[in-house]
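What the coordinates show
Here's the letter readout for the chains.
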Amino acid sequence: MKVYLDCFPCFMRQALDAARMATDDPAVQREVLDRVAELLPAVPLDSTPVDMGQLVHRLVREVTGVADPYEAVKKESNDLGLKFYPTLKSQVQGSEDPLLTALKIAGAGNIIDFGPKLTVDPNRSIEQIVNDSLAQALQDSLDSVQYRAFKEKLTEVKEILYLGDNTGEIVCDKILIEELVRQGKEVTFVTRGKPTINDATLADARYVGLDKVGSVITNGSDAPGTWLVDCSPEFVAAFQSAELIISKGQGNFEGLSDVPGPIFFLFKVKCPVIAREAGAEVGTVMLREQVVETVTK
């Protein structure tokens with residue numbers, strides 16, 4: 001997916017948000033904005049939002065001197081996800097179709113994202129926003145054609161590569177992975193290689209117990225999405241040999257929408273740009289099979 005002009009003001013806003021998390025000093029915050037403003041004119045329109053985001057957030061860390069501006073937010077998000085876990089797990093276990101319910105929960109959990117701006121409502125906490133997203137997803141239908149295709153693919157594979165996205169959300173991923181493991185699949189969960197926005201790292205995956213239900217690896221990159229040219233050779237080899245890839249979140253969709261492979265994207269549409277690209281309304285939980293010609297193995 002190529003960058004849209006609409007992405008430019010979004011990255012300015014992300015830079016300010018991250019700078020404010022890193023420091024209370026308005027002079028440093030202003031320097032971040034000035035440096036990003038200098039950077040953006042040099043970004044070609046054939047870039048992806050993922051490599052553009054990597055440059056912006058590297059700059060934030062460089063100017064502020066803070067390696068992980070979202071560190072506190074990430075822990076709060078993981079703790080929030082763990083708070084929801086028992087109820088969500090019970091919903092899956094009591095469902096007539098546990099796999100479908102687990103997919104909806106994992107997709108709805110993608111709302112926990114500090115890249116696209118979370119809906120600001122003084123009358124609702126982040127916990128309420130997440131709870132509403134989960135409740136809505138469980139009520140809504142998931143694309144039946146895509147769901148059938150996903151189930152058919154599951155019957156053909158033993159191993160799954162699961163590309164994670166945000167902290168907090170990864171607890172919802174854990175619920176889906178547990179269901180996949182219950183069905184006899186072996187799942188490898190992939191995190192970012194280094195901190196970027198509120199994306200999950202290896203430490204976050206271990207914090208929520210993902211290492212207890214499957215293997216956990218990193219992609220070796222600090223890009224806020226899967227951008228293969230910046231990933232480690234080990235991850236690229238795992239990606240290219242994967243039988244099935246579940247790609248969670250908007251960032252991974254942005255980085256992989258034009259990449260061939262046995263991929264199913266699962267994410268919540270959270271901004272008009274992604275809505276336009278995916279052909280769906282903002283707020284929709286998407287399950288979509290990759291339409292690019294698959295890799296020959």
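Notes on the structure in this doc start here.

Criteria and thresholds
Residues numbered from 1 in each chain as written. Predicted model: local features only at pLDDT ≥ 70, side-chain atom pairs only at ≥ 80, totals over all residues. Heavy atoms only, no water. Helix = DSSP H or I, 4+ residues; strand = E, 2+ residues; numbered from the N terminus. Buried < 20%, exposed > 50% of the residue type's maximum accessible area, 1.4 Å probe, protein only. Contact = heavy atoms within 4.5 Å. Pairing = 2+ DSSP bridges. Axes fitted to C-alpha atoms, helices over the stretch in contact; angles between N-to-C directions. Right-handed = clockwise from strand over helix to strand, strands pointing away.

What follows covers the side chain of S232. Mapping S232 onto the fold places it in the loop between strand 3 (215-218) and helix 10 (233-241). On the basis of relative accessibility, which here comes to 15%, the residue S232 falls in the buried class. Each residue touching S232, except ones within four places of it in the same chain, is listed here: T218, N219 and G220.

Here we take up the sheet that holds strand 2 (residues 186-191). An order of 3-2-1-4-5-6 is seen for the six strands of this open sheet, with the pairing classed as mixed. Where the open sheet ends on each side, the last strands, each with one partner, are strand 3 and strand 6 (285-289). Neighbouring strand axes in the sheet, compared pairwise and without regard to direction, differ in orientation by 20° on average. Of the pairings in the sheet, the one linking strand 2 to strand 3 comprises four bridges and is parallel in character. Pairing of T188 across the sheet is with S215, part of strand 3. With respect to the sheet, helix 8 (residues 169-182) is in contact with strand 1 (159-163), strand 2, strand 4 (245-248) and strand 5 (263-268), its orientation differing from that of strand 2 by roughly 165°.

Turning our attention to the pairing of strand 1. With four of five residues buried, strand 1 is to be regarded as a mostly interior element. In this fold, the crossover linking strand 1 to strand 2 by way of helix 8 has right-handed handedness. In this structure, strand 1 lies alongside strand 4, joined through three bridges in parallel fashion. Note that in strand 4 the partner of L161 across the bridge is I245.

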